[in-house]
Amino acid sequence: MLINEVCKKCSLTKKAVEYYIEQGLVTPTMQENRYRSFTEEDVERLKKISILRNLGLSIADIRIVLSDRNTVALKEIAGAKKLEISALEEKQKLLQELAEGQNWKKTYGKLQQLEKKQSILERLQNVFPDYYGRYVCTHFAPYLNEPIVTDEQQEAFNTIIEFLDNTDFDVPDDLRQYLDEVLSEAATRCENGIDGFAEKMSASMREAVQDPEKFLEENREIIEIYQAYKKSDEYKASPTYRLEESLRQFGKLSGYNDIFIPAMCKLSQSYREYQEKSRKADEKLMREYPQYI
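**Student:** So what exactly am I meant to see when it comes to the overall build of the chain here?
**Tutor:** When helices and strands are tallied, the chain shows 16 helices and 2 strands. A compact globule built from 293 residues should have a C-alpha radius of gyration of about 19 Å, whereas the chain, at 24 Å, is more than 25% larger. In terms of its C-alpha atoms, the chain occupies a principal-axis envelope of roughly 80 × 60 × 35 Å. Contacts in the chain between residues at least 24 apart in sequence constitute 66% of all its contacts with a sequence separation of at least 6. On the chain, roughly 18,400 Å² of surface is accessible, and the fraction owed to carbon and sulfur atoms is 50%. Counting 43 positive and 52 negative side-chain charges, the chain places the centres of these two groups 4 Å from one another.

Now the structure itself:
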């Protein structure tokens, strides 16, 4: 079909279609009379391009998404867009505060902190794949709102950035896929998808470490069933076991446990308090169930 018919089918202007051709996103054949001829496949591709453009994706992002057969890139871009939108919302609040109070120094300080927070979250999203990256970002985000005012905090921030810039998520591809499938399935059961699931899990973890005695009492039966399962041959033959072992090795060998986590504790007082409570909760769990250690 010719470009005029394509424009009608895709609700695109001729100029837009020609631009996408120029960018190499769609490649119609050229007839002898110099008119371009589009296939049905070209039309479907242009419809996808139109959707992605209206969702705010750049040409570079669209090129990546269209070349990706298993939608991994689209998930990663969706995660990055969420971070971008969150930052814009926080900047809008700062702009409103500035308009109402005209406190330039205070606004500058908050803006600097927001930019540092985004720097860490963007790198976490880059290191950890797909849904897991969004889960990790959701977990750490609440602890990145404190101002960096001491030399120790600034040094910790620099350590975190250097660590994330030089770290690969060294987990076998099949286990990465399994992890994504597990989180994807969990996300379908939550109203707000993966972000809702991540927020729910993070909130549950904070609640558990805040009052471990209550958590153990309310979940004793489930905990005992799960602890027993982890000792079974069935569990040790499962991909869940392999994944947990692989994540444990990543934490040990990458420096995540010995570099990243200590730096987070120095950067954020609230995270340091969370880690201390988490350590005490783990100790209580081991006292309660020594047979499973």
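**Student:** Help me understand the packing of helix H7 (residues 130–140) against helix H9 (residues 173–188), please; the structure alone is not making it clear to me.
**Tutor:** Direction vectors running N to C along H7 and H9 enclose 65°, while the axes themselves pass 7 Å from each other. Contacts between H7 and H9 involve Asp-130, Tyr-131 and Tyr-132 on the former and, on the latter, Leu-179, Asp-180, Leu-183 and Ser-184. The class makeup of the residues in the contact of H7 with H9 is 4 nonpolar, 1 polar and 2 charged.

**Student:** Can you help me understand the side chain of Asp-42 in this one?
**Tutor:** Note on placement: Asp-42 falls in helix H3 (residues 40–54). For the buried Asp-42, no salt bridge exists, and the shortest N-O distance to an oppositely charged side chain is 6.4 Å, to Arg-45.

**Student:** Explanation requested: the nonpolar core in the structure shown.
**Tutor:** A general feature of soluble globular proteins is that nonpolar side chains tend to end up buried together. If you look at the biggest cluster of nonpolar residues, it comprises 45 residues, and the most contacted ones within it are Ile-120, Leu-124, Phe-128, Phe-140, Phe-260 and Met-264. Sorting the residues of this core by element identifies helix H6 (104–127), H7, helix H8 (151–165), H9, helix H10 (193–210), helix H14 (239–253), helix H15 (256–267) and helix H16 (269–288) as the ones contributing at least two each. The biggest single contributor to this core is H15, with 7 residues. For Phe-128, the contacting residues outside a window of four places in its chain are Gly-133, Val-136, Phe-169, Phe-250 and Tyr-256. In this structure, Phe-38, Ile-49, Leu-52 and Val-65 belong to the second largest nonpolar core, which totals 22 residues.

**Student:** What should I look at first to understand the packing of aromatic side chains in this one?
**Tutor:** For any pair of aromatic rings, geometry is given as the distance between the ring centres together with the angle between the planes. Following the criterion strictly, the structure yields 18 aromatic pairs and no others. Aromatic pair Phe-128 and Phe-250: ring centres 5.8 Å apart, planes at 80°, arrangement edge-to-face. Here Phe-128, found in the loop between H6 and H7, pairs with Phe-250, found in helix H14; they are 122 residues apart in sequence, far enough to count as distant. When sorted by exposure, Phe-128 lands in the same class as Phe-250, which is buried. Seen in terms of ring centroids, Phe-140 and Tyr-271 are 5.5 Å apart; in terms of plane orientation they differ by 45°. Their pairing is tilted. Placement of the pair is Phe-140 in helix H7 and Tyr-271 in helix H16, with a sequence separation of 131 residues. Comparing Phe-140 with Tyr-271 shows no difference in burial state: the two are buried.

About the cut-offs
Residues numbered from 1 in each chain as written. Predicted model: local features only at pLDDT ≥ 70, side-chain atom pairs only at ≥ 80, totals over all residues. Heavy atoms only, no water. Helix = DSSP H or I, 4+ residues; strand = E, 2+ residues; numbered from the N terminus. Rg over C-alpha atoms; globule rule 2.2 N^0.38 Å. Contact = heavy atoms within 4.5 Å. Areas by Shrake-Rupley, 256 points an atom, 1.4 Å probe, with all protein chains shown as cover. Lys, Arg positive; Asp, Glu negative; His and termini not counted. Charge placed at Lys NZ, Arg CZ, Asp CG, Glu CD. Axes fitted to C-alpha atoms, helices over the stretch in contact; angles between N-to-C directions. Nonpolar A, V, L, I, M, F, W, Y, C, P; charged D, E, K, R; others polar. Buried < 20%, exposed > 50% of the residue type's maximum accessible area, 1.4 Å probe, protein only. Salt bridge = Lys/Arg side-chain N within 4 Å of Asp/Glu carboxyl O. Core = buried A, V, L, I, M, F, W, Y, C linked by side-chain atoms within 4.5 Å. Phe/Tyr/Trp six-rings, centres within 6.5 Å; stacked < 30°, edge-to-face > 60°.

Geometric values such as these leave the question of function open.
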